[in-house]
Amino acid sequence: MHASSDIAILSRHPRAAAEARTALHEIAPTGSSGADTAALLLTEVVSNAVRHGKGAAIQVAVGFDPSADVITGAVFDREPEMSAGDRASVADEDRGMECGRGLDLLDAASQAWGVATAGDRGKWVWFQVPAA
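Residues numbered from 1 in each chain as written. Predicted model: local features only at pLDDT ≥ 70, side-chain atom pairs only at ≥ 80, totals over all residues. Heavy atoms only, no water.

Student: I keep staring at the packing of helix H1 (residues 16-27) against helix H2 (residues 33-52) and nothing clicks. Help me out?
Tutor: Packed helices, taken two at a time, are described by the angle their axes make and the gap between the axes. Packing of H1 against H2 brings their axes to within 9 Å, and their N-to-C directions diverge by 145°. H2 is crossed by H1, and the crossing has right-handed handedness. Here H1 contributes Ala16, Ala17, Ala20, Arg21, Leu24 and His25 to the contact with H2, which in turn contributes Ala35, Ala38, Ala39, Leu42, Thr43, Val46, Ser47 and Val50. (Axes fitted to C-alpha atoms, helices over the stretch in contact; angles between N-to-C directions. Helix = DSSP H or I, 4+ residues; strand = E, 2+ residues; numbered from the N terminus. Left-handed = near helix turned anticlockwise from the far one by under 90°. Contact = heavy atoms within 4.5 Å.)

Student: How should I be thinking about the confidence of the model for the protein in this particular structure?
Tutor: Interpretation of the predicted coordinates at a detailed level should be avoided for regions scoring low in pLDDT. Mean pLDDT over the protein works out to 88, with 86% of the residues at or above the 70 mark. A low-confidence stretch, residues 85-89 stays under pLDDT 50, and its non-local contacts, those more than four residues away or across chains, total 17 contacts. (pLDDT = per-residue confidence, 0-100.)

Student: It is not clear to me how helix H4 (residues 102-109) should be interpreted in this structure. Could you clarify?
Tutor: Each turn of an α-helix holds 3.6 residues, which means side chains three or four residues apart point in the same direction. Taken together, the buried positions of H4 are occupied by Gly102, Leu103 and Leu106. Considered in projection along H4, the buried side chains sweep an arc of 100° and stay on one side of the axis. Buried residues along H4 sit against H2, strand E4 (112-117) and strand E5 (123-130). (Buried < 20%, exposed > 50% of the residue type's maximum accessible area, 1.4 Å probe, protein only. Arc of directions from axis to C-beta.)

Shown next as C-alpha cells:
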C-alpha cells in the first residue's frame, strides 16, 4: 500500500469544512478512529480559516501514509498571522464560551501540529494523527 493525498482549492465559505471532510474521507482508512479525529481537526482548522482568513479561497491538503500509519491535514489561508482568538482564555472557559478552542483541540487530539508561514502571502496550519 502506498501513500495517498488530495489537494483542494475551496471557496472561503461555511460549507468548505464539509467539502474538506469529503476529500479526507476519500483517502483516509475507512472506519478508523484516526479518520474521525482527523475529520474533527480538519473541520476546526478549515472553520478558522473561513472565519479569520483573507481572500476568496483556502487550500486544503490531506494525506495518508500507511507505512507510518499517519493522517495529515493542512489548510492554507491568506492571513499570515494567527488571530488572538485562536486560544480560549480562562475567562472564556469560565463563561462557557465555545470559541477560541481550536488550538487547544489541536494540542489535545493530534500527535503533532504547527503553523508554517509563507511570508506575507499567508500560512499553513497542519496536523498529524495516528490512523489507528
